[in-house]
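Close look at the chain arrangement
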Amino acid sequence: MRDEAQDQRFALAEMPVPMVYATHRIIRDCNEEFARLFGYPKRDLIDQSFARLYPKHADFVRTGAMWKVHLAEGQVYYDERIMTASDGRRFWCQVHGRTRHPVDPFAQALYCFQPLSRPFAQDRLHLTDRQQQIVALVSQGKTNRAIADELGLSTRTIESHRSRLIKASGVKNTAELIAHFNTE
């Protein structure tokens, strides 16, 4: 029976979607789909930090802080973010992850990357790191209070950020704001 169960398991390389196994945010293994998504040969990604795939180091740090909180206790967590390919091209993708260590979420984790058909327009509205973070959390349907709690800010600060984002992007409400950034 054990051999039959082993036969039903798939290796990372056989998965048809971009996948990565990482320890402490260092890529330890990935499949060809992941390497192709980022435009690297697989050998150039193994034993490298995820930091090289982010537009800015601050994005890497900020995302790590959010994931550390949400990956605790073996939960599946996801977000949408902008990543950078080997040629400098930036693109949106949705990332799902799960840890194998509830106490140390980054000790061993598996991530699935799904590119989104959301073009990245650099010449449109330039967002600060904090604004990018808030837009990502708003897009997940989180309330101002939940975002404030997660980021350690006041609800009023989040309301102000959201209001400025709505005004700067020329939309009328939060739904249009989400749609605006989902089509950029």
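Look up: the structure comes first, before these words.
Below: a short report on this structure. The structure presented is a predicted model; accordingly, all values stated were derived computationally and were not measured.

Take the overall build of the protein chain next. Scanning the protein chain from terminus to terminus reveals seven helices and six strands. Counted from the first residue to the last, the protein chain has its helices and strands arranged as α-β-β-α-β-α-β-β-β-α-α-α-α. Burial statistics for the protein chain: of 184 residues in total, 41% are counted as buried. In the protein chain, of all internal contacts separated by at least 6 residues, the share reaching a separation of at least 24 is 46%. Here the protein chain has roughly 10200 Å² of accessible surface; of this, 51% comes from carbon and sulfur atoms.

Time to look at the environment of T143. With respect to the helices and strands, T143 occurs in the loop between α4 (129–139) and α5 (144–151). For the pair T143 and I158, spaced 15 residues apart in sequence, the C-alpha separation works out to 9.4 Å. Engagement of the side chain of T143 in a polar contact is seen with the backbone nitrogen of A146, the distance being 3.0 Å.

A positive phi angle, near 50 degrees, is found at H24, a position not held by glycine. In this fold, H24 is placed in the loop between β1 (19–23) and β2 (26–30). Although it is not a glycine, R25 adopts a positive phi angle of roughly 65 degrees. Along the polypeptide, R25 turns up in the loop between β1 and β2.

Below, the discussion takes up the pairing of β2. The pairing of β1 with β2 spans four bridges and is antiparallel. Counterpart to V20 in the pairing with β2 is C30. Linking β1 back to β2 in an antiparallel pair, the connection comprises two residues, with H24 at a positive phi of about 50 degrees. The pairing of β2 with strand β3 (residues 48–49) spans two bridges and is antiparallel. From the neighbouring strand, I27 faces β3, where its bridge partner is Q48.

Procedures and definitions
- Residues numbered from 1 in each chain as written.
- Predicted model: local features only at pLDDT ≥ 70, side-chain atom pairs only at ≥ 80, totals over all residues.
- Heavy atoms only, no water.
- Helix = DSSP H or I, 4+ residues; strand = E, 2+ residues; numbered from the N terminus.
- Buried < 20%, exposed > 50% of the residue type's maximum accessible area, 1.4 Å probe, protein only.
- Contact = heavy atoms within 4.5 Å.
- Areas by Shrake-Rupley, 256 points an atom, 1.4 Å probe, with all protein chains shown as cover.
- Polar contact = N/O pair within 3.5 Å; in protein donor to acceptor, adjacent residues only side chain to side chain.
- Pairing = 2+ DSSP bridges.

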